[in-house]
Amino acid sequence: MENPDGAETKDQTTGAGMVDKYNVESAEILANSAQHLPISQAAPIYEQLLLLFPTAAKFWKQYVEAYMAVNNDDATKQIFSRCLLNCLQVPLWRCYIRFIRKVNEKKGVEGQEETRKAFDFMLGYVGADIASGPVWIEYITFLKSLQALNAQEESQRMTAVRKAYQKAIVTPTYHVEQLWKDYENFENSVSRQLAKGLLSDYQPKYNSARAVYRERKKYVDEIDWNMLAVPPTGSHKEELQWMAWKRLLAFEKGNPQRIDSVSSNKRIVFTYEQCLMYLYHYPDIWYDYATWHAKSGSTDAAIKVFQRALKALPDSEMLKYAYAELEESRGAIQPAKKIYESLLGDGVNTTALAHIQFIRFLRRNEGVEAARKYFLDARKSPNCTYHVYVAYALMAFCLDKDPKMAHNIFEAGLKRFMHEPVYILEYADFLSRLNDDRNIRALFERALSSLPPEESVEVWKRFTQFEQTYGDLASMLKVEQRRKEALSRSGEDGASALEGSLQEVVSRYSFMDLWPCSSKDLDHLSRQEWLAKNISKKMEKSAISNGLGIVDKDSTGLTSNSAVSAKVVYPDTSCMVIYEPRQKHEAGISPSTTPGLVTASNMSNPIIGLVGSGATNAFDEVLKATPPALMSFLVNLPSVEGPTPNVDIVLSICLQSDIPNGQAGKLGTSPAPATSDLSGSSKSRPVPSGSSFKQLRDRQSGKRKDLDRQEEDDTATVQSQPLPRDAFRIRQIQKARVGTTSQTGSASYGSALSGDLSGSTG
């Protein structure tokens, strides 16, 4: 057997190598350095880059331009043959047409014909690109430059130019408006009388293309055309690009221009091909592309896409199953079988899932005997897990209608997988379908005698559920008692686990989603159980009195009855504490009279809370140490309800507050001390005590002005701003204002509405 630690180290090394292998920044630096090297030294670098990034059009362009610079036409042609059809990018294709024109410029008429064919070839692939306008213009210019030796050739040349224009003006590109103007000038230069009819015919088509271009541009602008194709890492940028391509594909599939289906499908194919240049390692894009072809009736094209996908992602089991499914659905059994055999590999690293799916494939297409024969071989494999036994047994039971065979398979597997709780539960489910309660009890007894307590939780749970369905009251209680005794040996709270609880009654007398109690009672029982489990542990009083009991519901049996693996890791509920949003005052304890206590009612303004608590000396110390800017901020804070304030209200108050910078003077002409004086920043005044500070606040509270007068008063401070337009915010502010002014013996230093210091202006 392999060393697990060694295997893990190997996997980690492989993962790290994969990340470093597709390092985009390193690839860009390498490509830039290759541009300054001779082609003999640069070629291996480009080959290395293109092996990792086979759809990087910019790397192909640099590579081919390096050979074009040294006039190596053979190598240039070879590179173009490798990249053009997989990289539908206009700059790369324009590089190709430049090479073709250069090669054929001295070949006369024959060279012109070759160039024209190259243009047609290029426009057939990238003519639908939104950036293909310059290609159309270059093509039309080339056609106009051809010499005509007679009237017939001249007529053919003009017809070719007209057809090129008519194709260009119905393609949504950046240059569609310029092409339309050029077409108008061209037709008018040929014949004004003929131009009128032709232009009126193509005007609606041009208008449609222009409208689609404007919509298309919104989707295209979201795409990063310099992105390199790397395996998905889950980064935010990659997700944005994936969504951008999905939106563009959906837009093209909607046929917004309402063109014929052939032309529309051609644009969709072009968009998928461009998408795969950047999302080359995304199996879902390959699958969508292939299934779109299949739904469009082109199964052969779908097969070619799957073949390309498996070259790009040879380890993708998902794509292999999808490809095999397509082949099998069209009746190509042998090609599908080859795909399944490729999933099986050499048999050493074959997964249990590959065994199961191949057995099902054989059962569907070659019959029961072929499936049985392969199962007998697969069970000898060292990597055959209990899943294979369960799958084949259920196949024999459900498809072959042979319960005896299924029972024998389960029994054979039990010799190997008695230590697997999930296998025990699957076997029990099978016996339940047969209504064989005798063998079910025997199975549970055999399994529980061999399973360690920590792995038998789910088996015990299923055993108790079985007795609730098939047994009588005595057997039910007996199994539950045995369950408690067995599980008590595996936990720290073994003694408490042996005690009976009301939750057990609830579990026994519930059915599906019907409970013998209300949801409130159920929550109460769950909380009590959690408290009982943690009563013997050392916990601070605050954690118990202020926490919310979060229950380990797996032990109560009050939640789901589904079979969960015994290896599930549950959170440590003993570390959880309650959060109580409302302060509940105990009888005889007044929060306003408790020394040093800051309650929810006075937490809205820390200064008022400290004064009201009677902690005069502590408050004086706070005033001495508080900077004036912070003091001004604190006195203007509104009252709030709950653990957190409304952020919009706080920001509104802060924006309307006049927070002083440095040593702030008085805020008004009133003899009342300003905020900076209260904080102790002024040396000309002593720091007021807690009682004098309270009197000062009482005096200032009487000087609060009405809201309407504040809006009309020319002497209002900078904080006097109109109410927000948001009705919800106005209600929150007014509610906060009422809550502040209603406090006994307290006064508001800052208006909760406008944030001004009351009394500072009058």
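Quick caveat: nothing in here was measured; it's all calculated off a predicted structure.

Participant: Tell me what's going on with the overall build of the protein chain, and back it up with residues and numbers.
Facilitator: Within the protein chain, the regular secondary structure consists of 37 helices and zero strands. Evaluated residue by residue, the protein chain yields a buried proportion of 42% over its 762 residues. For the protein chain, contacts bridging at least 24 residues in sequence account for 59% of all contacts bridging at least 6. When the accessible area of the protein chain is evaluated, it comes to approximately 42000 Å², of which 54% is carbon and sulfur surface.

Participant: Tell me about the side chain of Arg157, and name the residues and values.
Facilitator: Along the chain, Arg157 turns up in helix H9 (residues 151–168). Accessibility expressed as a relative area gives 17% for Arg157, which makes it buried. Of the polar contacts made by the side chain of Arg157, one reaches the backbone oxygen of Lys144; its length is 3.0 Å. Every residue in contact with Arg157, bar those within four places of it in the chain, is listed here: Leu143, Lys144, Leu146 and Ala148.

Participant: Give me empty space enclosed by the protein: which residues, what numbers.
Facilitator: Under the defined criterion, the tally for this structure stands at six cavities of 30 Å³ or more. Taken as a whole, the second largest cavity spans an internal volume of roughly 70 Å³. Contributing to the lining of the second largest cavity are Asp129, Ile130, Arg216, Val220, Trp225, Leu248, Glu252, Phe270, Thr271 and Gln274. Listed by contribution, the elements that provide at least two residues to the lining of the second largest cavity are helix H11 (192–220), helix H12 (236–253) and helix H13 (261–278). Among the elements that take part in the lining of the second largest cavity, H13 stands out by supplying three residues, more than any other. Considering only residue class, the lining of the second largest cavity consists of five nonpolar, two polar and three charged.

Participant: Requested: an account of the nonpolar core, with residues and values cited.
Facilitator: In this structure, Phe53, Phe59, Phe80, Tyr183 and Trp286 are the most contacted members of the largest nonpolar core, which totals 163 residues. With 10 residues, the top contributor of residues to this core is helix H20 (residues 386–398).

Participant: Explain a nonpolar patch on the surface to me, and be specific about the residues and the numbers.
Facilitator: On the surface, a cluster of nonpolar side chains totalling about 470 Å² of accessible area is made up of Leu473, Leu477, Leu502, Val505 and Tyr509. The set of elements that each furnish at least two residues to the nonpolar patch consists of helix H25 (473–488) and helix H27 (502–508). Take Tyr509: it is sitting in the loop between H27 and helix H28 (519–533).

Participant: For unusual backbone geometry, give the residues involved together with the corresponding values.
Facilitator: With a phi close to 55°, Lys401 is a non-glycine residue in the positive phi region. Its location among the elements puts Lys401 in the loop between H20 and helix H21 (403–416). In the Ramachandran plot, Met512 falls in the positive-phi region, its phi being about 55° despite a non-glycine side chain. Inspection of the secondary structure puts Met512 in the loop between H27 and H28.

Participant: Before we move on, could you go through the packing of helix H18 (residues 352–365) against helix H19 (residues 368–378) and cite the residues and values that matter?
Facilitator: Orientation of H18 relative to H19, taken along the N-to-C sense of each, is 160°, at an axis distance of 7 Å. Relative to H19, the element H18 is oriented roughly antiparallel. The way H18 lies across H19 gives a crossing that is right-handed. Between H18 and H19, the contacting residues are His355, Phe358, Ile359, Leu362 and Arg363 on the first element and Val368, Ala370, Ala371, Tyr374, Phe375 and Ala378 on the second. Of the residues assigned to the contact of H18 with H19, the class counts are nine nonpolar, one polar and one charged.

Participant: How would you sum up a positive patch on the surface? Please name residues and give values.
Facilitator: On the surface, a cluster of positive charge is contributed by Arg379, Lys380, Lys415 and Arg416. Residue position: Lys380 is located in the loop between H19 and H20.

Participant: Give me the environment of Thr350: which residues, what numbers.
Facilitator: Among the secondary structure elements, Thr350 is positioned in the loop between helix H17 (333–344) and H18. Residues Thr350 and Ala378, spaced 28 residues apart in sequence, show a C-alpha to C-alpha distance of 9.8 Å. Every residue in contact with Thr350, bar those within four places of it in the chain, is listed here: Leu344, His355 and Asn383.

Participant: Report on the UniProt feature "repeat: TPR" (unreviewed entry) in the protein chain, specifying residues and quantitative values.
Facilitator: The sites that carry the UniProt feature "repeat: TPR" (unreviewed entry) are, in the present numbering, residues 283–316. The span residues 283–316 shows a helical share of 79% and a strand share of 0%, and its end C-alpha atoms are spaced 8 Å apart.

Participant: Report on the pattern of salt bridges, specifying residues and quantitative values.
Facilitator: Across all of its chains, the model carries 30 salt bridges by this definition. Taking the shortest distance from any N to any O, the salt bridge between Arg116 and Glu113 comes out at 2.4 Å. Of this pair, Arg116 and Glu113 both sit in helix H7 (residues 108–126), three residues apart, which is roughly one turn of the helix. The exposure class of Glu113 is partly exposed, given its relative accessible area of 33%. Salt bridges here are not isolated pairs; linked through shared partners, they connect Lys61, Glu65 and Arg98.

Participant: Quick one: what's the story with the packing of aromatic side chains, residue by residue and with numbers?
Facilitator: Taken as a whole, this structure holds 46 aromatic pairs when the rule is applied. Here the aromatic residues Phe375, Tyr386, Tyr389, Tyr392, Phe397, Phe410, Phe417, Tyr423, Tyr427 and Phe430 are joined through ring pairs into a cluster of three or more. Over the ring of Tyr202 we find Lys205, and its NZ or CZ is 4.6 Å from the ring centre.

Participant: Tell me about the environment of Tyr282, residues and numbers included.
Facilitator: Within the secondary structure, Tyr282 is located in the loop between H13 and helix H14 (283–295). By relative accessible area, which is 7% here, Tyr282 ends up buried. Contacts of Tyr282, omitting those with residues within four sequence positions, involve Val230, Pro232, Glu238, Trp242 and Leu313.

Participant: Before we move on, could you go through H13 and cite the residues and values that matter?
Facilitator: The periodicity of an α-helix, 3.6 residues per turn, causes residues three or four places apart in sequence to face the same way. Taking 1.5 Å of rise per residue, 18 residues should cover 26 Å, and H13 covers 26 Å from first to last C-alpha, within 8% of that figure. Buried within H13 are the following residues: Ser264, Arg267, Ile268, Phe270, Thr271, Tyr272, Glu273, Gln274, Cys275, Leu276, Met277 and Tyr278. Looking at the buried residues of H13, the elements they touch are helix H4 (57–69), H7, H12, H14 and helix H15 (299–312).

Participant: Tell me about the environment of Lys167, and please be specific about residues and values.
Facilitator: Within the element layout of this structure, Lys167 appears in helix H9. A relative accessible area of 53% places Lys167 in the exposed class. Spatially, the C-alpha atom of Lys167 lies 8.9 Å from that of Trp136, the residues being 31 residues apart in sequence.

Participant: Now, about the layout of surface pockets: what can you tell me, with residues and values included?
Facilitator: Taken as a whole, the second largest pocket spans an internal volume of roughly 1400 Å³. In terms of lining, the second largest pocket is formed by 44 residues, of which the most central are Asp120, Leu123, Gly124, Trp136 and Lys167. Those elements giving two or more residues to the lining of the second largest pocket turn out to be H7, helix H8 (133–145), H9, H11 and H13. Partitioned by chemical class, the residues of the lining of the second largest pocket number 20 nonpolar, 11 polar and 13 charged.

Participant: Requested: an account of the confidence of the model for the protein chain, with residues and values cited.
Facilitator: If pLDDT is low for a region, its predicted coordinates should not be looked at in detail. Within the protein chain, residue pLDDT values average 79, and 70% of them lie at 70 or more. When the elements of the protein chain are averaged for pLDDT, helix H34 (residues 675–678) gives the smallest value, 37, and H14 the largest, 97. In the model, residues 1–19 has pLDDT below 50 throughout and makes one contact with residues more than four positions away in sequence or in other chains. Under a pLDDT of 50 for its full length, residues 662–721 has, in the predicted model, 111 contacts with residues more than four places off or in other chains.

Participant: Break down the state of the cysteines for me, citing the residues and quoting the values.
Facilitator: Under the defined criterion, the tally for this structure stands at zero disulfides. This cysteine, Cys95, is not joined by any disulfide, and Cys83 carries the nearest cysteine sulfur, 8.7 Å off.

Parameters and conventions
- Residues numbered from 1 in each chain as written.
- Predicted model: local features only at pLDDT ≥ 70, side-chain atom pairs only at ≥ 80, totals over all residues.
- Heavy atoms only, no water.
- Helix = DSSP H or I, 4+ residues; strand = E, 2+ residues; numbered from the N terminus.
- Buried < 20%, exposed > 50% of the residue type's maximum accessible area, 1.4 Å probe, protein only.
- Contact = heavy atoms within 4.5 Å.
- Areas by Shrake-Rupley, 256 points an atom, 1.4 Å probe, with all protein chains shown as cover.
- Polar contact = N/O pair within 3.5 Å; in protein donor to acceptor, adjacent residues only side chain to side chain.
- 1 Å grid on protein atoms, 1.4 Å probe; cavity = no way out; pocket = protein on both sides within 12 Å on 5 of 7 lines; lining within 4 Å.
- Points joined across faces, edges and corners; volume = space filled by probe spheres on them.
- Nonpolar A, V, L, I, M, F, W, Y, C, P; charged D, E, K, R; others polar.
- Core = buried A, V, L, I, M, F, W, Y, C linked by side-chain atoms within 4.5 Å.
- Patch = residues over 30% accessible without salt bridge, like charges linked within 9 Å, V, L, I, M, F, W, Y side chains within 5 Å.
- Salt bridge = Lys/Arg side-chain N within 4 Å of Asp/Glu carboxyl O.
- Axes fitted to C-alpha atoms, helices over the stretch in contact; angles between N-to-C directions.
- Parallel < 35°, antiparallel > 145°, perpendicular 65-115°, else oblique.
- Left-handed = near helix turned anticlockwise from the far one by under 90°.
- Lys, Arg positive; Asp, Glu negative; His and termini not counted.
- Charge placed at Lys NZ, Arg CZ, Asp CG, Glu CD.
- UniProt positions renumbered as here; feature names shortened; annotations may be inferred.
- Phe/Tyr/Trp six-rings, centres within 6.5 Å; stacked < 30°, edge-to-face > 60°.
- Lys NZ or Arg CZ within 6 Å of the ring centre and 35° of its normal.
- Expected span 1.5 Å × (residues − 1).
- pLDDT = per-residue confidence, 0-100.
- Disulfide = S-S within 2.5 Å.

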